[in-house]
Protein chains: 2
Amino acid sequence: MTETKDYVAKARKVASLFSPKSIAVLGANNVQGTVPYDIFHNLLRTGFKGTLYPVSPGEKQICSVKSYKYVIDIEDELDMAVIVFPSSVGHMALEQCGQKGIKSVVIISAGYREVGGRGIEREQQLLDIAEKYDITFLGPNCLGMINTDEQVMLNASFAREMPEAGEIAFLSQSGALCTAVLDYALPRHIGFSKFVSLGNKAEISEVELLYYLKDDPATKVILLYLEEIRDGRALMQAARSVIEETGKPVLAIKSGRTAQGASAASSHTGDRKSVV
Amino acid sequence: MTETKDYVAKARKVASLFSPKSIAVLGANNVQGTVPYDIFHNLLRTGFKGTLYPVSPGEKQICSVKSYKYVIDIEDELDMAVIVFPSSVGHMALEQCGQKGIKSVVIISAGYREVGGRGIEREQQLLDIAEKYDITFLGPNCLGMINTDEQVMLNASFAREMPEAGEIAFLSQSGALCTAVLDYALPRHIGFSKFVSLGNKAEISEVELLYYLKDDPATKVILLYLEEIRDGRALMQAARSVIEETGKPVLAIKSGRTAQGASAASSHTGDRKSVV
């Protein structure tokens, strides 16, 4: 079992995920309507205050921005990478991020633990590479993340529009719920400080994010939507620490207690037994 | 007087202005509402099929795209440059374009012949540099240009929205008229093949553009709005050549015959005497 101090230490690493100055998007393309296109396009169009570097084996430019064949070809320092390559090559992309010295990664791609079999091995490969290079990563199989801080303006997600800035941090294991909440919030001017799709929670879970959000001055309320809780004791401890030390309310919903709920949840948890 | 064959030869050089694969924007910035911002922002947002390189002395990125201190710092080959630096440093920017081997330039900035005095000298400096490096340039003091060809999608102009593709080429010495025509055309679905703001016509005039448009398969009709005609014989010859050889209609309006018209026109022609 992970110790509280380890979660707290990891929360400090997680912080770097929210305020990068430079981001490489590995696997970006120019095909409108695809996830790799949307991710780069959204990052580019929602006012990110840092610099974006698309990486694509076959394209000279993505959305009119110079593209690189490999992330290691980029001459400048990189704070973060977003991987949208298919899971069959995701581990190679992460390995190159490690070689390039990137410490924060968002892995959008699906095809890992949630599909079982070879996908479970692939997720373990990601974890092994992350450990080797001291990388912290969100996902895989997630919708990405958003930081509305006007000094950052980071929309590394499928969301076409940046939500308004606000005091709510929203963490969700369901990408569909992320989309629904964003669609609901936009016309109602409900703002968010951070918006995070947790996906498979292979490396970063809600626990270290809670410790990170505890110290995030932009966040006053934390909402959690979880489909699977792996370390209940740590989660309770983290939530208690947030509430007692800062007074920030933490509201959590755990789904998947009914058969249908468990079936839906299994697409992220990979826990096939619960469906049967 | 320039010979017809010289205009025809120049028309071939002008062609490169309409289909660049890579463009540097010299003087771009991140200050919304300024011309340098709008120009880069529009190029980036309207689907240009090539690669964009902002150049700015003080910024690391423009609109999230890596920016370079000088155009000569860009490691890749460049087909074209758009200069939005103030006229006080425009000649230095053009000089560096020459050193970098760029042959096609759009000079948006005002502050040249149209302001008289020092501006006339500055425009001559541009012409001297262009001759030295065999550069062809549009402007200065212009709104830019647009090519709606879906293989190019070039909007190097103030126009926020790309007009629809169509068969009309529109050349105008008045930037205000460009804006008015675009605003009129958009909701009415009137399309354009090429859209060119001529500005001061220091180096490229309507004459070589007519020869270029004669051979442009996307253009079926040519509209001209002129405030000043410098070589009437060449213009008539070019128009006749277009009409007789291709059957493309050429419609031209020459303004500035009344006192008010002449006054308005003088902001491009610099012909102050006609106002008095």
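You'll find the structure just up there.
Residues numbered from 1 in each chain as written. Chains lettered and ligands numbered in written order. Predicted model: local features only at pLDDT ≥ 70, side-chain atom pairs only at ≥ 80, totals over all residues. Heavy atoms only, no water.

1. Quick notes on the interface of chain A and chain B
Thought 1: Residue-level contacts link 18 residues of chain A with 18 residues of chain B.
Thought 2: Of all residues in chain A, R45, S64 and K66 of chain A bury the most surface against chain B, accounting for 43% of the area lost on that side.
Thought 3: For the pair chain A and chain B, the number of links is 4 salt bridges.
Thought 4: Here K66 of chain A and D76 of chain B are joined by a salt bridge, their closest N and O atoms 2.8 Å apart.
Thought 5: At the junction of chain A and chain B, the tally comes to 13 residue pairs in polar contact (both at pLDDT 80 or more).
Thought 6: Counting residues per element, the ones that place at least two in the side of chain A that touches chain B are helix 2 (35-45), strand 2 (51-55) and strand 4 (65-66) of chain A.
Thought 7: Per-class residue counts for the side of chain A that touches chain B are 7 nonpolar, 5 polar and 6 charged. (Contact = heavy atoms within 4.5 Å. Buried area = accessible area lost by both parts, 1.4 Å probe. Salt bridge = Lys/Arg side-chain N within 4 Å of Asp/Glu carboxyl O. Polar contact = N/O pair within 3.5 Å; in protein donor to acceptor, adjacent residues only side chain to side chain. Helix = DSSP H or I, 4+ residues; strand = E, 2+ residues; numbered from the N terminus. Nonpolar A, V, L, I, M, F, W, Y, C, P; charged D, E, K, R; others polar.)

2. Structural notes on the pattern of salt bridges
Thought 1: Evaluated as defined, the whole model comprises 30 salt bridges over all chains.
Thought 2: Residue D134 of chain A pairs with K13 of chain A through a salt bridge whose shortest N-O separation is 2.8 Å. With D134 of chain A in the loop between helix 4 (118-133) and strand 7 (136-138) and K13 of chain A in helix 1 (residues 4-18), the pair connects residues that are 121 residues apart, well separated along the chain.
Thought 3: Residue class for K13 of chain A comes out partly exposed when judged on its relative accessible area of 29%.
Thought 4: For K66 of chain B, the salt bridge goes to E75 of chain A, with nearest N and O atoms at 3.1 Å. With K66 of chain B in strand 4 (residues 65-66) and E75 of chain A in the loop between strand 4 and strand 5 (80-83), this residue pair bridges two chains.
Thought 5: Put simply, R113, E123, E228 and R230 of chain A are held in one network by salt bridges that share partners. (Buried < 20%, exposed > 50% of the residue type's maximum accessible area, 1.4 Å probe, protein only.)

3. What to know about the relation of the copies chain A and chain B
Thought 1: You can overlay chain A on chain B at an RMSD of 0.0 Å; the transform is a turn of 180° with a shift of 0.0 Å along its axis. Here the two chains are linked by the operation of a two-fold rotation axis. Among all C-alpha atoms of chain A, that of V65 of chain A lies closest to the rotation axis, at 3.4 Å.
Thought 2: A share of 100% of interface residues in chain A that are also interface residues in chain B marks the association as one of identical surfaces. (Least-squares fit on C-alpha atoms with pLDDT ≥ 70 in both.)

4. Points about the sheet that holds strand 13 (residues 250-254) of chain B
Residue and element names in this part refer to chain B.
Thought 1: Spatial ordering of the open sheet is given by 9-8-11-10-12-13, a layout of 6 strands whose pairing is mixed. On the outer flanks of this sheet lie strand 9 (154-157) and strand 13, each paired with one strand and no other. Ignoring strand direction, the axes of neighbouring strands in this sheet form an average angle of 15°.
Thought 2: Where strand 10 (residues 165-172) meets strand 12 (residues 221-226), 5 bridges bridge the pair, whose relative direction is parallel. Directly across from L171, in strand 12, lies its bridge partner L224. (Pairing = 2+ DSSP bridges. Axes fitted to C-alpha atoms, helices over the stretch in contact; angles between N-to-C directions.)

So, to be careful, I would describe these as geometric facts and stop short of saying anything about function.
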